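If you want the building blocks of each chain, they are given just below.
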Amino acid sequence: MRIAYVCADPGIPVFGTKGASVHVQEVVRVLLAAGHTVDLFCRRTGGAPPAAAGRRLRVHELARPTARADGAGVRDDGGTDVAAREAALLAADDHLHDALTAAGGRAGFDAVYERYSLWSRAGTRYAATRRIPAVLEVNAPLPAEQARHRGLVHAAEADAVVRDAARAATAVVCVSEPVAAWVRGHLGPRHTTRVVVEPNGVDVDRIRPAPAAAAAAAAGRPFTVGFVGTLKPWHGTATLLDAVALLRRTVPDARLLLVGDGPEAADLRRRAGAAGIADAVTFTGAVRPAEVPGWLHRMDVAAAPYPAGDGAGYFSPLKVYEYLAAGLPVVASAVGQLPAVLDDGTTGLLVPGSDPGALAAALRRLADDPVLGRRLGRAGRASVVATRTWTQVVDRSLAAAGLRLGSADGAVAGGAPECAVADATAPDGAASSAYQTAGEVG
C-alpha cells in the first residue's frame, strides 16, 4: 500500500528524541518493514530520517505558520499571542490537505494514518474525500492539555476538530480507555466509527537486556536507579530524587541516573544539592532513541514515579515498556494505566504515587534481593515480547480499519518512488522543505 502518515503537531519533531517522536518513528518503521510505501507529512523533522528508512519513505516537512493573513504576529514558541497562533494553525490545515492531495497525485494514497493533533483534520478529511481507509491515532485529550498547560482560546474550534477527524476516520485508535471514552463523547451516539484501545508498544529488537559481559561488569558497580524521559513535573522525578536520598541512608553508594532533559533539570540539580546527593546523580541530557538501550544497560532498576492525583490517568507509559524490554525490574506508581501494565510482584513493583518513602522502600527491597530483580526483569521482558511489540500494535491498529499490515496484502510491487526530492512548494507559497530519503540514506 501507499500510505500517508500525517503528524501536524509543530511541537513534535518526528525524528527527534521526545516520546511522541519515538512513537512516530516506530509506526513508520513497522509500515516500511512490512513493505509499504510511506509519505510522512509533518511540521518539524528534528533531524534526518533513520538510515534504515530506505527508498520507500518520502518526508514532507511543511512550513510552520508564522503569521496570519491579516498580519497578526505569531510567536514560534506559542508564548504570548495564543489566539493568533491557534488561528494560524487552524488555517494552515487547509494547506496540509492541499499538500496531501498534490503528493498523492491522480492515483492517490491507499490509506491514511493520522496522529491526532489539536488543529488538524487534514488526513482524515483527505481519506473521506477519496473514500479510503483512515486510522486516527489519539494519544491524549489535547484541548484539555492545551488549556491546562499553555492556554486555549478557540476551545469550540478545537472540539470541532476532534469531532470531525474522528467522524471521518474508519477507526480511532486510542492509547487508553479514558482517551477512548473522551473520543466517543465527541463522536456522539449516531456515528459508527470504530473506537478501539491500543496502548503504546516497544521495539524488543532495539531494546534488549544487557549482554552477559555488560551484566558481569555491572556486578561491581554501585546500585543504580534509572529514569528515562523528559524532565517535567508530571513525571515525578522530584519524588524519585527524594526517594534516592532516603535510599542512601541504608544503601550509601546508591546512584541515580536521569536520562533525558527538560524544564525541570535545573530545579532537580538544585534539589540534589540541597539533599546532599549531587555527586550521586547523573544527568545525561537529551539522548537519541538509538542511545537509550546503552543507558538502560547501566541501570539495576528503572523507575516510573508518576505523581498521584494529577488528573493525567489517561497516558500510556512508553518508558515503562522500554524498561520491561530491557529486562529491568521496574518500580512504578500505582496511578493511571500502570496497574494494568505491571502485575505487582510478578512483572514489577507498584507503590503509591508521590510517596518517596514507599518508593525508597521498594528500591531497597530490590537492592537487597537481586534474585527478585532478575525474576521481575525476565517476566517483564516476556510480557512485552508476547503482546506489546510495535509490530503487534500497528498490526492491530490497521486491522481496526480493515487493513492488513502484511506486505502480501496489497503492498505495491515496484511502487517505490524513484525521485530524490519531492515538490517542496507549499500551496500558500510558503517555503516548505519537503524532501525524501531516496538515494540519500537508503
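Shown above is the structure to which this text applies.
Residues numbered from 1 in each chain as written. Predicted model: local features only at pLDDT ≥ 70, side-chain atom pairs only at ≥ 80, totals over all residues. Heavy atoms only, no water.

**Remarks on the overall build of the protein**
Thought 1: Along its length, the protein carries 15 helices and 14 strands.
Thought 2: By residue count, 52% of the 442 residues in the protein fall in the buried class.
Thought 3: Nonlocal contacts in the protein, meaning residues at least 24 apart in sequence, comprise 70% of its contacts between residues at least 6 apart.
Thought 4: Summed over its atoms, the accessible surface of the protein is roughly 17900 Å², and 52% of this surface lies on carbon and sulfur atoms. (Helix = DSSP H or I, 4+ residues; strand = E, 2+ residues; numbered from the N terminus. Buried < 20%, exposed > 50% of the residue type's maximum accessible area, 1.4 Å probe, protein only. Contact = heavy atoms within 4.5 Å. Areas by Shrake-Rupley, 256 points an atom, 1.4 Å probe, with all protein chains shown as cover.)

**What about helix H13 (residues 356-368)?**
Thought 1: Relative to the 18 Å expected for 13 residues at 1.5 Å per residue, H13 spans 18 Å between its end C-alpha atoms, a close match to the ideal helical length.
Thought 2: The complete set of buried residues in H13 reads Leu 359, Ala 360, Ala 362, Leu 363 and Leu 366. The arc that holds every buried residue of H13, seen down its axis, measures 160°, which confines them to one face.
Thought 3: Check the buried side of H13 and you find it contacts strand S8 (224-228), helix H8 (237-247), strand S11 (301-304), strand S12 (330-333), strand S13 (349-351) and helix H14 (370-387). (Expected span 1.5 Å × (residues − 1). Arc of directions from axis to C-beta.)

**A few points about the environment of Val 153**
Thought 1: Its location among the elements puts Val 153 in the loop between helix H4 (142-149) and helix H5 (155-168).
Thought 2: Spatially, the C-alpha atom of Val 153 lies 6.9 Å from that of Val 82, the residues being 71 residues apart in sequence.
Thought 3: Dropping the residues within four chain positions of it, Val 153 is found in contact with Val 82, Ala 83 and Glu 86.

**Some details on the packing of aromatic side chains**
Thought 1: Scanning all chains against the criterion turns up 5 aromatic pairs.
Thought 2: Ring plane angle 45° and centroid distance 6.0 Å describe the contact between Tyr 116 and Trp 182, whose orientation is recorded as tilted. Taken together, the positions of Tyr 116 in the loop between strand S4 (111-115) and helix H3 (122-130) and Trp 182 in helix H6 (residues 177-187) put the pair 66 residues apart, joining distant regions of the chain.
Thought 3: What links up through ring pairs into an aromatic cluster is the set Phe 41, Phe 109 and Tyr 126.
Thought 4: The side chain of Arg 298 reaches across the aromatic face of Trp 295, ending 4.3 Å from its centre.
Thought 5: In this structure, Arg 388 packs its charged tip against the face of Tyr 321, placed 5.9 Å from the ring centre. (Phe/Tyr/Trp six-rings, centres within 6.5 Å; stacked < 30°, edge-to-face > 60°. Lys NZ or Arg CZ within 6 Å of the ring centre and 35° of its normal.)

**Quick word on the pattern of salt bridges**
Thought 1: Under the criterion given, the structure shown has 18 salt bridges.
Thought 2: Between Arg 115 and Glu 137 there is a salt bridge, and its shortest N-O distance comes to 3.2 Å. Highlighted residues: Arg 115 in strand S4 and Glu 137 in strand S5 (residues 134-138), separated in sequence by 22 residues. Neither Arg 115 nor Glu 137 differs from the other in exposure class; each is buried.
Thought 3: With a closest N to O distance of 2.8 Å, Glu 177 and Arg 184 form a salt bridge.
Thought 4: Here the salt bridges do not stand alone but share partners, grouping Glu 26, Arg 29, Asp 203, Arg 206 and Glu 322 into one network. (Salt bridge = Lys/Arg side-chain N within 4 Å of Asp/Glu carboxyl O.)

**Quick notes on the pairing of strand S7 (residues 194-197)**
Within a regular beta strand, the side chains point alternately toward one face of the sheet and then the other, so they alternate between its two faces.
Thought 1: Note that strand S6 (residues 171-174) and S7 share 4 bridges and pair parallel. What sits directly across from Val 173, in S7, is Val 196.
Thought 2: Between the parallel elements S6 and S7, the chain passes through H6 in a crossover that is right-handed. (Pairing = 2+ DSSP bridges. Right-handed = clockwise from strand over helix to strand, strands pointing away.)

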